[in-house]
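If you want the building blocks of each chain, they are given just below.
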Amino acid sequence: FFSPLVADAEMLGTSDPELAATMGFSGFGKKARTFDLEAMFEQTRRTAVERSRKVLEAREREKEDQAEKEFRIPCTDSSVSASSAARPGSTLTEREAVCSESEDSSNEALSGPSMQAQSSAKGQAEDTDGDDDDDDEFIGPPLPPGFKDSDDDNDNDDTEEEDNNPVKKIPDSHEITLQHGTKTVSALGLDPSGARLITGGYDYDVKFWDFAGMDASLQAFRSLQPCECHQIKSLQYSSTGDVILVVSGNSQAKVLDRDGFPVMECIKGDQYIVDMTNTKGHTAMLNSGCWHPKIKEEFLTCSNDGTVRTWDVNNEKKHKSVFKPRSVQGKRVIPTTCTYSRDGKLIAAGCQDGSIQIWDRNMTVHTKFHCRQAHASGTDTSCLTFSYDGTVLASRGGDDTLKIWDIRQFKKPLNSADGLPSFFPMTDCCFSPDDKILVTGTSVKKGGGSGKLFFFYRETFQKLYEIEVTDASVVRCLWHPKLNQIMVGTGNGLAKVYYDPVKSQRGAKLCVVKTKRKERQAETLTQDYIITPHALPMFREPRQRSTRKQLEKDRLDPLKSHKPEPPVAGAGRGGRVGTHGVTLSSYIVKNIALDKTDDSNPREAILRHAKEAEENPYWVAPAYAK
């Protein structure tokens, strides 16, 4: 199809270039550019080979430098070389070879009088010899081969000692106290990064603390009452830290965002339906709740209506699934605490009949693991928590015990500790970040001593350590794995943070170093400014731009900056009557004394102005003149 066109174009291009250009065929006369693919591949291959050769050479050079560093110390010391002569010949020859190479290089760099002087100054020579990448530069005489740096030894000893002694890992050398209120701090939550702490209490308040934004005055940056007049039972950040689950004394759990604004509220169930599966939500007071560790939209709640329910943040109209714990007789039993396993596949609940019941998350009817007599019947199991490795479950009972279980052999506990009084239905227990220590708090009656934080070794349940927190019960405890700091909520409205300046990261360390911000006097003297945007211009107040500027202006105004005269003490002076008391008679005497008008002769008082009126008429005369 194109051949006649091409022929015509070539003909036109050769015969008449102007005509070809006019008709648009001028481009056909050029030859197409040809690419030699073989040559291109060959060039690419050569480049790759050259690059790989350079990389190999650089690696070999690094290895040689490393070997030279390792053998430099034995070579430079004459006494060591003498002792090494007794060793096998193979190693000696290698070391001699390396030494001779390094000596040659040092001979090039230095011009010394003798070999001994060269060997003594060899350390310096090698430093100037282009061995700049060596981090461990030696100053002074070389060290013997078996010598280790004392600092390294100390560090190694410290780490070994810490491994042997778990008490050294507890960060309790320093503490700060956050004043939540006057009533029990019943809920604590830290976001996954450890930047923000939230506290909730029996005073219905939820307070937000930002470690990076706080100064040494340790004030919360926000306080709110998300559930009106209901005690806060549990607070927890989601796995991503963008939303907060609030479980309170009512039947509807709430989800707030990071700044405390509501995201969703669970629906209330119909309390007249007997079968709890057919209601859309809880019908009685909530006891506990927590987020799914992997799925960021899912959370779990348990309630006095005898159910454990899972929810989706995006669907507040109905729960996802319902788990109904049952007693030995098959009757309904109230779950007092609930939690997910670390992988989120299991759901565990501690019940009022003393049992711990564990379900597969996807199988709502029958329990997967079950322990009927985990704690004393009729007591509130206040906390269940899985270890970080996921094999062990710890339970804090209302029968003053702390137990640890292997869920695969769920008949009897691995270990148990008793004599740990608990008066609160949310007394916590938690594992240390390395999974070796278990922590819980104890309750005390008013005036009955100090509430303590106990640390138990997980393997043997031996009591390792205790901290006297305050003269009230220790309710909540939280050991954050990233910060390595321990948060404690107490029965007298305090939230304490224990940390170690060396072992801990960020958190409380950020705010204690900041000085308190000085309160400017201008801020204390400001008056409330009433904004009336639709007022008439004559009633409209000028907008206050800055309180400081306004105060400076007021100081220049003699009326506004007039200092009030102090009250006269004793006898009156300067025309002012002394204060004789606050009686009516003394008030009248004072006012009579201040009145300077002369009402004795009214005719004279009027005629006093007669001359002025005659000379300069203003009112009557001008009117009659016109």
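Residues numbered from 1 in each chain as written. Predicted model: local features only at pLDDT ≥ 70, side-chain atom pairs only at ≥ 80, totals over all residues. Heavy atoms only, no water.

Focus on the overall build of the protein chain
The number of helices and strands found in the protein chain is 15 helices and 28 strands. Relative to its 626 residues, the protein chain shows a buried fraction of 36%. Restricting to contacts in the protein chain with at least 6 residues of sequence separation, those with at least 24 account for 48%. Accessible surface computed for the protein chain: about 38600 Å², of which carbon and sulfur atoms make up 53%. (Helix = DSSP H or I, 4+ residues; strand = E, 2+ residues; numbered from the N terminus. Buried < 20%, exposed > 50% of the residue type's maximum accessible area, 1.4 Å probe, protein only. Contact = heavy atoms within 4.5 Å. Areas by Shrake-Rupley, 256 points an atom, 1.4 Å probe, with all protein chains shown as cover.)

Observations regarding a nonpolar patch on the surface
Side chains of F35, L37, M40 and F41 sit close together on the surface and give an oily, nonpolar patch of about 490 Å² of accessible area. With respect to the secondary-structure elements, F35 resides in the loop between helix 2 (17-23) and helix 3 (37-76). (Patch = residues over 30% accessible without salt bridge, like charges linked within 9 Å, V, L, I, M, F, W, Y side chains within 5 Å. Salt bridge = Lys/Arg side-chain N within 4 Å of Asp/Glu carboxyl O.)

Remarks on the sheet that holds strand 5 (residues 222-224)
Strands in a sheet are paired, the pairing made by backbone hydrogen bonds, and the direction either parallel or antiparallel. As summarised here, the arrangement of the four strands in space is 2-3-4-5, forming an open sheet in which the pairing is antiparallel. Looking at the sheet topology across the chains shown, the edges are occupied by strand 2 (185-190) and strand 5. Across the sheet, the mean angle separating the axes of adjacent strands is 15° when strand polarity is ignored. In this structure, strand 4 (residues 206-210) lies alongside strand 5, joined through three bridges in antiparallel fashion. Within strand 5, the residue paired with K207 across the bridge is S223. (Pairing = 2+ DSSP bridges. Axes fitted to C-alpha atoms, helices over the stretch in contact; angles between N-to-C directions.)

A look at the confidence of the model for the protein chain
Detail in the predicted coordinates should be disregarded across regions flagged by low pLDDT. Summing up the model confidence of the protein chain, the mean pLDDT is 77 and the portion of residues at 70 or higher is 74%. Note on residues 9-15: pLDDT under 50 across the span, and eight contacts to partners over four residues away in sequence or across chains. Counting interchain partners and residues more than four positions distant, the pLDDT-below-50 stretch residues 75-138 has 44 contacts. (pLDDT = per-residue confidence, 0-100.)

A short note on the environment of D360
Inspection of the secondary structure puts D360 in strand 16 (residues 356-360). At 3.0 Å, the side chain of D360 and the backbone nitrogen of N362 are in polar contact. (Polar contact = N/O pair within 3.5 Å; in protein donor to acceptor, adjacent residues only side chain to side chain.)

Remarks on the UniProt feature "repeat: WD" (unreviewed entry) in the protein chain
The feature "repeat: WD" (unreviewed entry), as annotated in UniProt, sits at residues 178-210, 279-321, 340-360 and 374-408 in this numbering. With 0% helix and 57% strand, residues 340-360 has end C-alpha atoms that lie 10 Å from one another. Across residues 374-408 one finds 0% helix and 40% strand; the C-alpha atoms that close the span lie 14 Å apart. (UniProt positions renumbered as here; feature names shortened; annotations may be inferred.)

What about the sheet that holds strand 24 (residues 451-457)?
Reading across from one edge, 22-23-24-25 is the order of the four strands in this open sheet, with antiparallel pairing throughout. Strands with a single pairing partner mark the edges of an open sheet, and in this sheet they are strand 22 (429-431) and strand 25 (463-470). For this sheet, the mean angle separating the axes of adjacent strands, direction not counted, is 20°. By the bridge criterion, five bridges tie strand 23 (residues 437-441) to strand 24 in an arrangement that is antiparallel. Within strand 24, the position partnered with G441 by the bridge is L453.

Re the layout of surface pockets
Looking at the largest pocket, its volume works out to about 1200 Å³. Along the wall of the largest pocket there are 46 residues; nearest its centre are Q236, C290, R342, T385 and L478. At the level of secondary structure, the elements contributing two or more residues to the lining of the largest pocket comprise strand 2, strand 6 (232-237), strand 10 (286-291), strand 14 (335-340), strand 18 (383-386), strand 22 and strand 26 (474-480). Here the lining of the largest pocket is built from residues that sort into 23 nonpolar, 16 polar and seven charged. (1 Å grid on protein atoms, 1.4 Å probe; cavity = no way out; pocket = protein on both sides within 12 Å on 5 of 7 lines; lining within 4 Å. Points joined across faces, edges and corners; volume = space filled by probe spheres on them. Nonpolar A, V, L, I, M, F, W, Y, C, P; charged D, E, K, R; others polar.)

With respect to the pairing of strand 16
With four of five residues buried, strand 16 is to be regarded as a mostly interior element. The turn joining strand 15 (residues 346-351) and strand 16, which pair antiparallel and follow one another in sequence, is formed by four residues; a positive phi near 90° is taken by G354. Across three bridges, the pairing between strand 16 and strand 17 (residues 369-371) is antiparallel. Note on strand 17: the bridge partner recorded for Q357 is H370.

Points about the packing of aromatic side chains
Within the structure shown, the criterion is met by nine aromatic pairs. Taken together, a centroid distance of 5.3 Å and an interplanar angle of 65° make the contact between W291 and F299 edge-to-face. Note on F455 and Y465: the rings are 5.9 Å apart at their centroids and 55° apart in plane angle, and the pair reads as tilted. In this pair, F455 is assigned in strand 24 and Y465 in strand 25, connecting sequence segments ten residues apart. Residue class for Y465 comes out partly exposed when judged on its relative accessible area of 27%. What links up through ring pairs into an aromatic cluster is the set F454, F456 and F461. When the ring centre of Y388 is taken as reference, the NZ or CZ atom of R342 above it lies at 4.2 Å. (Phe/Tyr/Trp six-rings, centres within 6.5 Å; stacked < 30°, edge-to-face > 60°. Lys NZ or Arg CZ within 6 Å of the ring centre and 35° of its normal.)

Focus on the pattern of salt bridges
A complete count under the given rule lists 21 salt bridges for this structure. The salt bridge partner of D191 is R258, with a shortest N-O separation of 3.2 Å. On the criterion of sequence distance, the pair formed by D191 in the loop between strand 2 and strand 3 (196-201) and R258 in the loop between strand 8 (254-257) and strand 9 (262-265) is long-range, its members being 67 residues apart. Assessed through its relative accessible area of 26%, R258 is described here as partly exposed.

A closer look at the nonpolar core
Counting 17 residues, the largest nonpolar core has I176, L178, L197, M214 and M487 as its most contacted members. Of all elements in the fold, only strand 1 (174-179), strand 2, strand 28 (494-499) and helix 9 (508-512) reach the threshold of two or more residues within this core. Setting aside anything within four residues of it in sequence, one finds L197 in contact with L178, L188, G189, L190, K207, F208, W209, F211 and M487. (Core = buried A, V, L, I, M, F, W, Y, C linked by side-chain atoms within 4.5 Å.)

Here's the deal with the environment of G397
Here G397 is to be found in the loop between strand 19 (392-396) and strand 20 (402-406). Sequence separation between G397 and D418 is 21 residues, and the spatial gap between their C-alpha atoms is 9.6 Å. In this view, G397 contacts H375, D380, T381 and S422; residues no more than four positions away in its chain are not counted.

Observations concerning the side chain of T339
If you trace the backbone, T339 turns up in strand 14. Given a relative accessible area of 12%, T339 falls into the buried group. Among all residues touching T339, those that are not within four sequence positions of it are C290, L300, L346, I347, A348, L384 and F386.

Details of unusual backbone geometry
For D400, which is not glycine, the phi torsion reads 65° and is therefore positive. For N484, which is not glycine, the phi dihedral falls at a positive 55°. By the secondary structure assignment, N484 is in the loop between strand 26 and strand 27 (485-490).

Structural notes on the side chain of T199
Note on placement: T199 falls in strand 3. Here the side chain of T199 touches W209 through a polar contact of 3.0 Å, side chain to side chain. When residues no more than four places from it in sequence are discounted, the contact partners of T199 are H180, V185, A187, L188, D205, V206, K207, W209, L235 and A495.

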